[in-house]
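One-letter residues, chain by chain:
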Amino acid sequence: MGAARVGVVTFPGTLDDQDAARAIRHAGGEAVSLWHADRDLRGVDAVFLPGGFSYGDYLRCGAISRFAPLMEELVPAANAGLPVLGTCNGFQILCEAHLLPGALTRNVGLHYVCRDQRVRVENATTAWTGDYAPGQELLLPVKHGEGRYVADQATIESLEASGRVVVRYLDVNPNGSTNFIAGVSNEAGNVVGLMPHPEHAVEELTGAPSVDGRGFFTSILKRFVNL
Amino acid sequence: MARVIVDVMLKPEILDPQGQAIARALPRLGFSGVAEVRQGKRFEVEIEGPADEAALEDVRKMAETLLANTVIEDYSVRVE
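Think of each chain on its own: its residues are numbered from 1, step by step along the sequence as written. Here every chain gets a letter starting at A, and every ligand a number starting at 1, in the order they are written. Only residues with pLDDT of at least 70 get local features here, since the model is predicted, and only at 80 or more are side-chain atom pairs given and counted; chain-wide, interface and lining totals rely on the full set of residues. Only hydrogens and water are set aside when side-chain values are computed; all heavy atoms of the structure are taken into account.

Draft legend 1. Structural view of the overall build of chain A. What counts as a helix is a DSSP run of H or I of at least four residues, what counts as a strand is a run of E of at least two, and both are numbered from the N terminus. What chain A contains, in helices and strands, is 5 helices and 11 strands. For chain A, whose C-alpha radius of gyration is 16 Å, the value lies close to the compact-globule estimate of 17 Å for 227 residues. Taken along the three principal axes of its C-alpha coordinates, chain A extends 45 × 35 × 35 Å. Buried means the residue's accessible area, taken with a 1.4 Å probe over protein chains only, is under 20% of the maximum for its type, while exposed means over 50%, and partly exposed covers the values in between. Taken over 227 residues, chain A has a buried fraction of 56%. Here, Shrake-Rupley sampling with a 1.4 Å probe gives the accessible areas, and only protein chains in the shown set may cover a residue. Taken as a whole, chain A presents about 8,800 Å² of accessible surface, with 50% of it coming from carbon and sulfur. Atoms considered for the radius of gyration are the C-alpha atoms alone. The globule rule reads 2.2 Å times the number of residues to the power 0.38.

Draft legend 2. A look at the pairing of strand S9 (residues 165-169) of chain A. Residue and element names in this part refer to chain A. Burial within S9 is extensive, with 5 of its 5 residues counted as buried. Here, any two strands with at least 2 DSSP bridges between them count as paired. In this sheet, S9 lies alongside strand S6 (residues 113-121) in antiparallel orientation, the contact comprising 3 bridges. Pairing of Val-119 across the sheet is with Tyr-169, part of S9. In this sheet, strand S10 (residues 181-185) lies alongside S9 in antiparallel orientation, the contact comprising 3 bridges. What sits directly across from Val-167, in S10, is Gly-183.

Draft legend 3. Representation of unusual backbone geometry within the structure. Residues and elements named next belong to chain A. Of note, Leu-59 is a non-glycine position whose phi angle comes to about 70°, a positive value. Mapped onto the secondary structure, Leu-59 falls in the loop between strand S3 (46-49) and helix H2 (69-79). Exposure remark for Leu-59: the relative accessible area of 24% places this residue in the partly exposed category. Despite not being glycine, Phe-180 has its phi angle at roughly 60°, a positive value. Within the secondary structure, Phe-180 is located in the loop between S9 and S10.

Draft legend 4. Representation of a nonpolar patch on the surface in the model. Residues with no salt bridge and a relative accessible area higher than 30% make up the patches, which join like charges within 9 Å and nonpolar side chains (Val, Leu, Ile, Met, Phe, Trp, Tyr) within 5 Å. Salt bridge, as used here: a side-chain nitrogen of Lys or Arg that lies within 4 Å of a carboxyl oxygen of Asp or Glu. Taken together, the side chains of Leu-15, Phe-53 and Tyr-112 of chain A define a hydrophobic patch exposed on the protein surface, amounting to about 310 Å² of accessible area. Note that Leu-15 of chain A resides in the loop between strand S1 (5-10) and helix H1 (17-26).

Draft legend 5. Fine view of the state of the cysteines. All names here are of chain A. The rule for a disulfide is simple: a pair of cysteine sulfur atoms within 2.5 Å. Summed over the entire model, instances satisfying the criterion amount to 0 disulfides over all chains. The structure places no disulfide on Cys-61, whose sulfur is separated from the nearest cysteine sulfur, that of Cys-88, by 8.5 Å. Overall, Cys-61 belongs to the buried group, its relative accessible area being 6%. Lacking any disulfide linkage, Cys-114 is separated from the closest cysteine sulfur, that of Cys-88, by 10 Å.

Draft legend 6. Representation of the interface of chain B and chain A. Listed per partner, the contact involves 15 residues of chain B and 18 residues of chain A. Summed over both partners, buried area is the accessible surface (1.4 Å probe) that two parts give up on being assembled. Summing the contributions of chain B and of chain A, the shared interface buries around 1,300 Å²; its carbon and sulfur component is 67%. Counting the surface chain B buries against chain A, the share from its top three residues, Pro-17, Leu-66 and Asn-69 of chain B, is 35%. Run the count over chain B and chain A and you get 1 salt bridge. Salt-bridge contacts for Glu-73 of chain B lead to Arg-60 of chain A; the nearest nitrogen and oxygen are separated by 3.7 Å. A 3.5 Å cut-off defines polar contacts: any pair of N or O atoms within that distance qualifies, except that in protein one atom must be a possible hydrogen donor and the other a possible acceptor, and neighbouring residues in sequence count only when both atoms are side-chain atoms. One can count 7 residue pairs in polar contact (both at pLDDT 80 or more) joining chain B with chain A. For the side of chain B that touches chain A, the secondary structure elements donating two or more residues are helix H1 (17-28), strand S2 (40-47) and helix H2 (53-67) of chain B. Throughout this entry, Asp, Glu, Lys and Arg are counted as charged residues, while Ala, Val, Leu, Ile, Met, Phe, Trp, Tyr, Cys and Pro are counted as nonpolar. The remaining residues, Gly among them, count as polar. When its residues are assigned to classes, the side of chain B that touches chain A shows 10 nonpolar, 3 polar and 2 charged. Any pair of residues with heavy atoms lying within 4.5 Å of one another is described as a contacting pair.

Put into structure tokens, the structure is as follows:
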């Protein structure tokens, strides 16, 4: 059996697609480039939505990307179980596409935040976190201006009660997110979004604060070996 | 031709740090008595035909689909 094929989507304005592809290859997978304007998922086993400023963040972050031709294929595939991970702008797109609940809004204090952030893996059973230990603490880069996770109270309570808060900020809340929420999953656990950047924390060579991000990629690859 | 206005505002329970920053700046500029400022967006949609109920229903759909994220925002539609 060949390596699992993980698609990496590029929209106009995407920044982190090359780092994501590199992280996938580093973990032993095959990275497959997906173009926003194509109605074709190229038969991939999973999809990574990277960060950046797709469509210039016009209107709202992720609001235009959500309607890209590729997303018309991705949304039903994700609802049918295709594993999808969105980081930063990718997380914003997943929320705008209603694949994940809630929304990402302007940081409290209005400043763009760029720092190495301690987080805790709160749910190690999703498609993308299975290779971590429950409660494992990670050091990952965050870099965003609109990362404050909000949802109505009932949604927050249901996310907390059902273990769908996947990653939580530790020490400081970089953006004012409700309950220090850094990442959430859908009900089935195949779709995960988070503001921190695991794809920037896989190699010491690039000056990453850690290699703690590797687990997101090894999680998804092991899943396909085990299937 | 008719102009339909769509106003989009963050829901009251959603914190608006931009509005807060504006409210904090106003006293420094000599404007007193401002209790709160909330910032929103205004869309001017020029439609080709008359602004009848069917056209307004279309604009409401636009607002629901794209102009507003109803998870965090409310919108209102009116003819100018």
